[in-house]
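# Observations on chain architecture
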Amino acid sequence: MEHKLRFGPRVNEAERSYLQDKLNEFREGITTSTTSNDYHQKESFVLSAWNSAGYMMDIDEYCEHYSLPRESITSYKLVSHTGTPFYNIVFKEQGAEAEDTSLEDIRKVLNEELKRTYTYKPSEYKMDKEGVLKWADLHFGAHIRNLVLSPDYDKDILLKGLLKSVEDANRLGFSKTHVHINGDLIESFSGLNHINSWQSMDKELIGANAVMLCTDLLEKALREVKNLGAIKIVAGNHDRLSKNNDEDVKGGAAELIAWGLRLKGFDVEFHPYIITHLVDGINHINLHGHCGISKRSTSDIIWKYGEKGYFNFVFEAHLHSLIEKLSATAKDKFQLIKDDSIDHRRMTLQSFFTGNYYSETLGFLSNSGYMLVWDNGNKKPVTLNGTV
């Protein structure tokens with residue numbers, strides 16, 4: 001008659017062999033026959049938990065009595081409802097002991113696996129699609145020094161930031177990179193945009209110098225753009241030729257800069273307040289944000305100026321840290337993304353200019369930055385907000 005040995009389901013080969021030997025020692029001569037059916041019935045064999053004195057052994061006594069490796073047991077349970085009590089034991093699996101593997105061994109294995117599987121291959125990311133590099137609120141001519149929190153700012157810092165944005169655009173490898181400039185190219189033509197504007201300006205960058213030297217600075221940055229496409233410029237409230245916005249509402253300084261860039265051979269389009277540009281199935285609607293049109297709803301702007309059947313993306317600027325009409329409450333409620341839906345979005349662009357004495361006293365602080373936009377392959381936009 002065969003007998004089965006009961007033990008936990010996770011016994012390794014060493015323990016299994018040892019217990020099988022124990023079974024063989026008891027197997028010979030143990031049979032049980034039934035009187036009613038005349039067949040041999042298999043009876044399960046167990047290691048009894050009774051000791052020779054008739055008392056129940058605890059787990060330590062049980063292991064010692066049957067020469068079981070107590071240190072290899074992970075869990076056990078006394079089974080007593082079968083008539084003969086025994087311990088149902090679960091042993092550790094071979095190789096599962098934490099002390100057998102050191103932290104250094106684990107690091108070594110992981111290091112080899114990472115080298116083998118995840119070898120980094122540096123290369124430029126090339127895309128067979130067009131991208132758009134967006135600049136806003138350049139405020140060329142502003143000269144900021146020694147404020148408590150606002151960083152220093154001048155024409156050289158501006159150029160460095162523009163070149164950094166160009167470098168990031170070039171790294172993406174667009175088949176063509178368009179550049180959109182959403183207003184406030186200069187700080188002031190007259191030096192009197194605000195009553196104290198002159199206090200935060202480079203005195204050499206006013207009037208005609210502001211226009212000519214800003215044109216030269218933009219040329220230096222644009223010449224570095226690989227596969228340069230079209231340049232779109234809208235005017236901002238700082239781009240007027242007069243000190244009062246009632247006298248020049250068309251941003252004459254920005255128009256002169258656009259004219260100068262065309263003379264230098266660039267493909268430039270200018271408009272006083274709005275330009276649309278369809279790029280890879282995404283229609284860019286560019287505003288500065290200071291005109292009454294920006295008070296209109298997104299759906300109204302798209303209905304009048306958008307392209308039906310395309311993703312329409314409305315871009316505005318203007319709301320950087322230098323905003324006199326922005327109250328503290330309004331600032332707290334300000335949202336970078338104003339509107340977002342399945343076929344359109346409306347966003348405020350980062351400013352290159354980070355603020356002056358006036359804005360800092362109001363507690364308005366911002367980082368200098370730009371945006372890159374391209375098609376994700378499904379005629380929907382991917383946006384990258386860069387900080388310089």
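For the structure itself, look to the data block above.
Residues numbered from 1 in each chain as written. Predicted model: local features only at pLDDT ≥ 70, side-chain atom pairs only at ≥ 80, totals over all residues. Heavy atoms only, no water.

This paragraph deals with the overall build of the protein. When helices and strands are counted, the protein shows nine helices and 13 strands. Of all 388 residues assigned to the protein, the portion counted as buried reaches 44%. Summed over its atoms, the accessible surface of the protein is roughly 21600 Å², and 50% of this surface lies on carbon and sulfur atoms. (Helix = DSSP H or I, 4+ residues; strand = E, 2+ residues; numbered from the N terminus. Buried < 20%, exposed > 50% of the residue type's maximum accessible area, 1.4 Å probe, protein only. Areas by Shrake-Rupley, 256 points an atom, 1.4 Å probe, with all protein chains shown as cover.)

This part is about helix H4 (residues 155-172). In this model H4 runs 26 Å from its N-terminal to its C-terminal C-alpha over 18 residues, within 8% of the 26 Å that 1.5 Å per residue would give. Burial in H4 covers these residues: Leu158, Leu159, Gly161, Leu162, Ser165, Val166, Asp168, Ala169, Asn170 and Leu172. In this fold, the buried residues of H4 make contact with strand E3 (130-135), strand E4 (176-182), helix H5 (208-222) and strand E12 (369-375). One side-chain oxygen at the N-terminal end of H4 lies 3.0 Å from the backbone nitrogen of Asp156; it belongs to Asp154. The first or second residue beyond H4 is Gly173, which carries a positive phi of 70 degrees. (Expected span 1.5 Å × (residues − 1). Contact = heavy atoms within 4.5 Å. Polar contact = N/O pair within 3.5 Å; in protein donor to acceptor, adjacent residues only side chain to side chain.)

One finds Trp135, Leu138, Leu162, Leu185, Leu218 and Ile233 to be the most contacted residues of the largest nonpolar core, which totals 43 residues. Counting residues per element, the ones that place at least two in this core are E3, H4, E4, H5, strand E5 (228-234), helix H6 (252-263), strand E6 (268-271) and E12. Membership of the second largest hydrophobic core comes to 15 residues, among which are Leu47, Ala49, Tyr62 and Ile89. (Core = buried A, V, L, I, M, F, W, Y, C linked by side-chain atoms within 4.5 Å.)

For the coordinates displayed, the defined rule picks out seven aromatic pairs. Judged by centre distance (5.6 Å) and plane angle (55 degrees), the ring pair of Phe174 and Trp374 falls under tilted. With Phe174 in the loop between H4 and E4 and Trp374 in strand E12, the pair connects residues that are 200 residues apart, well separated along the chain. One exposure class covers both Phe174 and Trp374, and it is buried. Summarising the aromatic geometry, the rings of Phe313 and Phe315 are spaced 4.1 Å apart at their centres and angled 25 degrees between planes, so their arrangement reads as stacked. Within the aromatic cluster, the residues linked to one another by ring pairs are Tyr62, Tyr66, Tyr76 and Tyr87. Between Lys134 and the ring centre of Phe315, over which it is positioned, the NZ or CZ distance is 3.9 Å. Positioned above the aromatic ring of Trp303, the side-chain terminus of Lys308 is 4.8 Å from the ring centre. (Phe/Tyr/Trp six-rings, centres within 6.5 Å; stacked < 30°, edge-to-face > 60°. Lys NZ or Arg CZ within 6 Å of the ring centre and 35° of its normal.)

It is a general feature of regular strands that their side chains alternate between the two faces of the sheet. The element strand E2 (residues 86-91) is largely enclosed, with a buried count of five among its six residues. Across six bridges, the pairing between strand E1 (residues 73-79) and E2 is antiparallel. Counted as the bridge partner of Tyr76 is Ile89 from E2. The turn joining E1 and E2, which pair antiparallel and follow one another in sequence, is formed by six residues; a positive phi near 100 degrees is taken by Gly83. (Pairing = 2+ DSSP bridges.)

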